[in-house]
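Below are the chains, spelled out letter by letter.
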Amino acid sequence: MVLSIQKWGNSAAVRLPTTLLEQLKVALGDKLTVDVRPEGLMLKPARHAYTLEELLAQCDPKAPMPADLTAWNSAVPVGREAW
């Protein structure tokens, strides 16, 4: 697929066809991250950066605490959590 760079105000723009948006699973108004690579640009859907308030809103404050929390002391990271 070949796309043209066009003038958009004082900037340049590339229009993304609907078929490309569908392949990326994005829609108008969504955000993309752009990585510059030696072979060109890579566009990826931007990940939502949750705030602490958003994460806490998902928690059930009435949920019972685990009886034994010692396993937490030896737990290793399984994702991108910060220790």
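Above this text is the structure in question.
Residues numbered from 1 in each chain as written. Predicted model: local features only at pLDDT ≥ 70, side-chain atom pairs only at ≥ 80, totals over all residues. Heavy atoms only, no water.

Caption draft 1: Just the pattern of salt bridges, in detail. Taken as a whole and judged by the stated rule, the model has two salt bridges. With a shortest N-O distance of 3.9 Å, aspartate 35 and arginine 37 are connected by a salt bridge. Across the salt bridge formed by aspartate 35 and lysine 44, the nearest N and O atoms sit 3.5 Å from each other. Linked by salt bridges that have partners in common, Asp35, Arg37 and Lys44 make up one network. (Salt bridge = Lys/Arg side-chain N within 4 Å of Asp/Glu carboxyl O.)

Caption draft 2: A look at the layout of surface pockets. By volume, the largest pocket amounts to about 420 Å³. In this structure, the largest pocket is lined by Leu3, Gln6, Lys7, Trp8, Ala13, Val14, Arg15, Leu16, Leu32, Val34, Leu41 and Leu43. Contributing elements (two or more residues each) for the lining of the largest pocket: strand S1 (5-8), strand S2 (11-14), strand S3 (32-37) and strand S4 (40-45). Of the volumes computed, that of the second largest pocket is approximately 160 Å³. Lining the second largest pocket are Leu16, Leu21, Val26, Ala27, Leu28, Gly29, Asp30, Lys31 and Leu32. Looking at the lining of the second largest pocket residue by residue, the class counts come to six nonpolar, one polar and two charged. (1 Å grid on protein atoms, 1.4 Å probe; cavity = no way out; pocket = protein on both sides within 12 Å on 5 of 7 lines; lining within 4 Å. Points joined across faces, edges and corners; volume = space filled by probe spheres on them. Helix = DSSP H or I, 4+ residues; strand = E, 2+ residues; numbered from the N terminus. Nonpolar A, V, L, I, M, F, W, Y, C, P; charged D, E, K, R; others polar.)

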